[in-house]
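Overview (structure and organization)
Chain by chain, the residues run as shown.
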Amino acid sequence: ASDRKQLVGLVTLDPEIVLHDGAQLVLDKEQSIPMDMRGHVTSSYYSSNCSRSIAMALLKDGRNLLGKTIYATTPEGFAEVRVAEPKFLD
């Protein structure tokens with residue numbers, strides 16, 4: 001079902017931004033309040049192996065959003081993130 005949350009990876013467009021655990025995910029940052037929260041960040045770290053920040057998230061219809069840009073809440077507003085496969089190293 002498309003309303004089911006699925007495990008996905010996230011990479012911030014700015015590789016230095018490390019998302020906060022629990023950050024909410026939205027498809028459109030310009031929507032009116034209350035916003036349609038589509039999921040949340042479950043863990044986020046700076047990876048020295050990947051030389052960038054990486055994150056995992058539970059996201060509604062996440063598999064169908066692979067490769068798409070969405071937005072994560074931050075204390076300053078929003079960060080652009082790309083939905084990715086939930087693995088970062090082989």
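See above for the structure.
Let me sum up the structure you'll find in this document. The shown structure was predicted, so the numbers you read here are calculated from the model rather than taken from an experiment. (Residues numbered from 1 in each chain as written. Predicted model: local features only at pLDDT ≥ 70, side-chain atom pairs only at ≥ 80, totals over all residues. Heavy atoms only, no water.)

**A look at the overall build of the chain**
What counts is decided by this rule: By the criteria applied, helices consist of DSSP H or I runs no shorter than four residues and strands consist of E runs no shorter than two, each listed in order from the N terminus. For the radius of gyration, the atom set is restricted to C-alpha positions; the globular benchmark scales as 2.2 Å times the number of residues to the power 0.38. When a residue's accessible area, from a 1.4 Å probe over protein chains only, is under 20% of the maximum for its type it is buried; when over 50% it is exposed; and in between it is partly exposed. Whether two residues are in contact is decided by their heavy atoms: any pair within 4.5 Å suffices. Per-residue and other accessible areas were derived by the Shrake-Rupley procedure at a 1.4 Å probe size, with only the shown protein chains allowed to occlude residues.
Regarding its fold elements, the chain presents zero helices and six strands. Taking 90 residues into account, the globule formula puts the C-alpha radius of gyration at 12 Å, and the chain, at 12 Å, falls close to it. Residues classed as buried in the chain amount to 37% of the 90 residues present. Here the contacts in the chain between residues at least 6 apart in sequence split such that 56% fall between residues at least 24 apart. Just so you have it, the chain exposes about 5400 Å², and 48% of that area is on carbon and sulfur atoms.

**Details of the pairing of strand 5 (residues 69-74)**
The test is simple: Note on pairing: two strands pair once DSSP finds at least 2 bridges between them.
With two bridges joining them, strand 2 (residues 24-26) and strand 5 adopt antiparallel strand pairing. Each residue of the ladder has a partner; that of L25, found in strand 5, is A72. Pairing geometry for strand 5 and strand 6 (residues 77-84), over six bridges, is antiparallel. Within strand 6, the residue paired with Y71 across the bridge is E80. Between strand 5 and the antiparallel strand that follows it, strand 6, lie two residues.

**Structural notes on the sheet that holds strand 5**
Selection rule: Here an angle of 0 to 180 degrees is reported between the N-to-C directions of two axes, which are lines fitted to C-alpha atoms, with helices fitted over the stretch in contact.
The antiparallel closed barrel is built from six strands, whose spatial order is 1-4-3-2-5-6. Shown here is a sheet whose adjacent strand axes are inclined to one another by a mean of 45°, direction ignored. Pairing of strand 3 (residues 39-47) with strand 4 (residues 52-60) involves eight bridges; the strand directions are antiparallel. Bridge pairing in strand 4 places G39 opposite L59.

**Concerning unusual backbone geometry**
With an omega of 5°, the peptide bond running from I33 to P34 counts as cis. In this fold, P34 is placed in the loop between strand 2 and strand 3. You will see that S51, though not glycine, has its phi angle at about 55°, which is positive. Tracing the chain through its elements places S51 in the loop between strand 3 and strand 4. In this structure, D61 is a non-glycine residue whose phi angle is positive, near 55°. By the secondary structure assignment, D61 is in the loop between strand 4 and strand 5.

What is shown is where atoms sit, not what they do.
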